[in-house]
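Breakdown of the fold
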Amino acid sequence: MKLLTPEALEARLRDIGARRYHRLHPFHALLHGGKCTKGQVQAWALNRYYYQAMIPVKDASLIARCEDPGLRREWRSRLVDHDGEEEGQGGIARWLKLTDGVGLDRDYVVSLAGLLPATRFAVDAYVRFVREKSLLEAVASSLTELFSPQIIGERVEGMLKNYDFITGDTLAYFSKRPPLAQRDSEFALDYVKRNARSAEAQRAALAALEFKCDVLWAMLDALYHAYVTPKHVQTCTYVTKDQQPE
């Protein structure tokens, strides 16, 4: 690959999202189209919780090895976004409000007892990637946020329309994400375009975004395999607010 201009690099990054972002996964077509059972919606919410909970762990590992104070200052906002300034605030708290809203027992969600092994494997691989790869690759892997506003719009519209157990309050997590994702992705995109100064660095940045798309895709593959077809989890095994573990 020849050295790309910053504009051409951005075009290549956006093309990866257009082809590989997980909004194209068949599980999302089912979820947004109202074709999932309540148990399948619960499975999605519970498994996605682990990803949400590990985002600040991933971001903290990036900050811990970053010598650029400007990058550290910018990235700190992501920790606040997800952890909040105090208990009950932030993106993780709002995701737990979502799991509450679909009827799951909060202690059970946080315990991770119902987490699919493939979900844990994919999320942990992402955390290791950010911890061990170059800062450029770590930042580039976050660029899936470039594509999240569209999937959020589809998700909110589709779920409110198709599931009578979903309310706007349940989906409060998503109302706050688009402006934050736009802020974060604009910074990350600018960082990658400025710092990928060689063909090798550009290849690494592109591969990092492909890897992140693969992580998100693998999480949905796990859900589809477990709860849609071949449906090796035959019934919803999740503990709801009205149930106790068997």
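Presented here is a report on the structure given in the accompanying data block. Given the structure is predicted, the values throughout are model-derived calculations rather than measurements.

1. What about the overall build of the protein?
- Helix and strand content of the protein: 11 helices and zero strands.
- Scanning the protein from its N terminus toward the C terminus, one meets helices and strands in the order α-α-α-α-α-α-α-α-α-α-α.
- Its C-alpha atoms give the protein a radius of gyration of 18 Å, near enough to 18 Å, the size a compact globule of 246 residues would have.
- Relative to its full complement of 246 residues, the protein shows a buried share of 52%.
- Look at the contacts in the protein between residues 6 or more apart in sequence, and 80% of them connect residues 24 or more apart.

2. Things to note about helix α4 (residues 69-83)
- Spanning 15 residues, α4 covers 21 Å between terminal C-alpha atoms, matching the ideal 21 Å at 1.5 Å per step.
- Residues of α4 that are buried: L71, W75, R78, D81 and H82. Along α4, the residues classed as buried sweep out an arc of 90° about the axis, all on the same side.
- On its buried face, α4 sits against α3 (38-64), α5 (90-101), α8 (135-141) and α10 (172-195).
- Residue D68 occupies the N-cap position of α4, its side-chain oxygen lying 2.9 Å from the main-chain nitrogen of G70.
- Positive backbone phi, at 80°, marks G84, one or two positions downstream of α4.

3. Details of the environment of E74
- Summarising the element assignment, E74 is placed in helix α4.
- Separated by 33 residues in sequence, E74 and D107 place their C-alpha atoms 33 Å apart.

4. Section: the side chain of T119
- Within the fold, T119 resides in helix α7 (residues 117-132).
- Of the residues examined, T119 reaches a relative accessible area of 0% and is grouped as buried.
- Excluding residues that lie within four positions of it along the chain, T119 makes contacts with N47, Y50, M219 and A222.

5. Some points on empty space enclosed by the protein
- By the definition in use, this model includes two cavities of 30 Å³ or more.
- Taken as a whole, the largest cavity spans an internal volume of roughly 340 Å³.
- Lining the largest cavity are 25 residues; nearest its centre among them are R48, Y51, I55, E145 and R177.
- Of all the elements in the fold, those that place two or more residues in the lining of the largest cavity are α3, α4, α9 (148-162), α10 and α11 (199-227).
- A per-element tally of the lining of the largest cavity places α3 first, with six residues.
- Considered as a void within the structure, the second largest cavity measures approximately 60 Å³ in volume.
- Every residue lining the second largest cavity is listed: H22, W44, N47, R48, T119, L216, M219, L220 and L223.

6. Examining the packing of α5 against α10
- Direction vectors running N to C along α5 and α10 enclose 145°, while the axes themselves pass 8 Å from each other. For the pair α5 and α10, the contacting residues are G91, R94, W95 and L98 in the first and A172, Y173, F174 and K176 in the second.
- Of the residues assigned to the contact of α5 with α10, the class counts are five nonpolar, one polar and two charged.

Cut-offs applied
Residues numbered from 1 in each chain as written. Predicted model: local features only at pLDDT ≥ 70, side-chain atom pairs only at ≥ 80, totals over all residues. Heavy atoms only, no water. Helix = DSSP H or I, 4+ residues; strand = E, 2+ residues; numbered from the N terminus. Rg over C-alpha atoms; globule rule 2.2 N^0.38 Å. Buried < 20%, exposed > 50% of the residue type's maximum accessible area, 1.4 Å probe, protein only. Contact = heavy atoms within 4.5 Å. Expected span 1.5 Å × (residues − 1). Arc of directions from axis to C-beta. Polar contact = N/O pair within 3.5 Å; in protein donor to acceptor, adjacent residues only side chain to side chain. 1 Å grid on protein atoms, 1.4 Å probe; cavity = no way out; pocket = protein on both sides within 12 Å on 5 of 7 lines; lining within 4 Å. Points joined across faces, edges and corners; volume = space filled by probe spheres on them. Axes fitted to C-alpha atoms, helices over the stretch in contact; angles between N-to-C directions. Nonpolar A, V, L, I, M, F, W, Y, C, P; charged D, E, K, R; others polar.

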